[in-house]
Amino acid sequence: MTQAPTPTADTVRRLVSSLLKDGTGSAGPEVRPVAEGGGHSTWWVGTRHVLRLAPDRDAALRQRRELRLRDAVRPHLPFAVPTSVAHGEWAPGLTYTLDTKVPGGTAEEHDVSAVGEADLAGLLTGLREVPARQAEALGVPRTAPRSLEALRRAAEKAARRLAAADEFDRARLQQLTPPAAVQLAAQPGTAVLVHHGLRGEHLVVSADGRVRGVLDWTAAAVGDPAEDIAGLAVAVGSPAAVRAATLAGYGARPCLRGLWLARCDTVIRLAERLDAGDKAALPLLRLRLRRAWEAILLERVTELRDAGAGEEP
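In this report, we go over the structure that sits alongside the text. Every value quoted in this text rests on a predicted model; they were computed, and no experiment measured them.

What follows concerns the overall build of the protein. Each helix and strand counted, the protein has 10 helices and 10 strands in total. For a compact globule of 313 residues, the expected C-alpha radius of gyration is about 20 Å, and the protein comes in at 21 Å, within 12% of that figure. Dimensions along the principal axes, computed over C-alpha positions, put the protein at roughly 70 × 45 × 45 Å. By the burial criterion, 50% of the 313 residues in the protein qualify as buried. Taking contacts inside the protein between residues at least 6 apart in sequence as the whole, the part at least 24 apart equals 75%.

Pasting the structure below:
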């Protein structure tokens, strides 16, 4: 198998120069790498654009799908989705997209305000409005809901590792019981379009706490809406995530299921990076764990005994 080329600053400058010709013969805008890039090599281009280069053919496939999906979701959302001003191949079979930069910081830099929570509710509502068949026709995959019991067992093992390192109180996992895992199982017929990557760096937040955009749609899927509630719990905290989901019309079951996903995931990921000795990642993972485990009033799972399928949107 031929190894994919590694993009360099010179690669990016030549590509940007061909895309943003201004007729003045100038050297073009400054280019500099972005620290967070997900599966892409990502570069700031001046102050107005972001260049994302797919590093392999699988990433290129996801990027092509993302371009189609962003156009489909844009009319349904109350804020910006990045627009591609140019796209193509930067190497044989490897794609790029030059996107407009959405002004603002990230949810790691700015707290989301009460009005921002309404923006997040608009995101969840808008995603539900996109017909699943339309999304699948664009190439968006359908994913099965995860097993809470399997996740609970993995989290218990990870929690033992964290407790030994004085990183986490294992007793907190006692609220995640096998009967509750059954009770909070995903209900049939509830699959919707989910972003599936609502981490803090993918939420564009202004200094006043409004959500101004959502980035990186490459992991989108038709599946469990609790996955996006979980993402928001990790990005902005469990109380804000549940308030946004409730505003969007989700009932207790998907909200609590989302908290389970977020809490187990953050325990597992922190243990993994601790075992790997990845000290640079630990502060952010500890912050995400704290956000996911923030207490909410909804956590009396017994309240779900009278909750039927009508709670699901």
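Hydrogen bonding along the main chain pairs the strands of a sheet, whether they run parallel or antiparallel. The five strands are arranged β1-β2-β3-β5-β4 in an open sheet whose pairing can be described as antiparallel. For this open sheet the edge positions go to β1 (31-33) and β4 (84-91), each flanked by a neighbour on one side alone. Neighbour to neighbour, the strand axes of the sheet diverge by 25 degrees on average, direction disregarded. When β1 meets strand β2 (residues 41-45), the two strands line up antiparallel, connected through three bridges.

Right, let's get into the side chain of Arg-291. Within the secondary structure layout, Arg-291 lies in helix α10 (residues 282-292). A distance of 3.2 Å separates a polar side-chain atom of Arg-291 from the backbone oxygen of Val-234. Those residues in contact with Arg-291 that lie beyond four places of it in its chain are Ala-107, Glu-108, Ala-233, Val-234, Ala-235, Val-236, Gly-237 and Ser-238.

Cut-offs used in this document
- Counting restarts for each chain: residues are numbered from 1 in the order of the written sequence.
- Predicted model: local features are reported for residues with pLDDT of at least 70 only, side-chain atom pairs are reported and counted for 80 or more only, and whole-chain, interface and lining totals are derived from all residues.
- Side-chain metrics in this entry use all non-hydrogen atoms of the structure; hydrogen atoms and water are not considered.
- Under the scheme used here, helices are H or I runs from DSSP no shorter than 4 residues and strands are E runs no shorter than 2 residues, and both carry numbers assigned from the N terminus.
- When we talk radius of gyration, it's over C-alpha atoms, and the globule rule is simply 2.2 Å times the number of residues to the 0.38.
- The buried label applies to any residue whose accessible area, calculated with a 1.4 Å probe on protein chains only, is under 20% of its type's maximum; exposed applies above 50%, and partly exposed to all values in between.
- Contacts between residues were defined by any pair of non-hydrogen atoms, one from each residue, lying within 4.5 Å.
- The pairing criterion for strands is at least two bridges between them, as found by DSSP.
- Only the stretch in contact is used when fitting a helix axis, every axis being a line fitted to C-alpha atoms; angles between N-to-C directions are given from 0 to 180 degrees.
- Any N or O atom pair separated by 3.5 Å or less is treated as a polar contact, with the protein-specific requirement of one donor-capable and one acceptor-capable atom, and with residues adjacent in sequence counted only for side-chain atom pairs.

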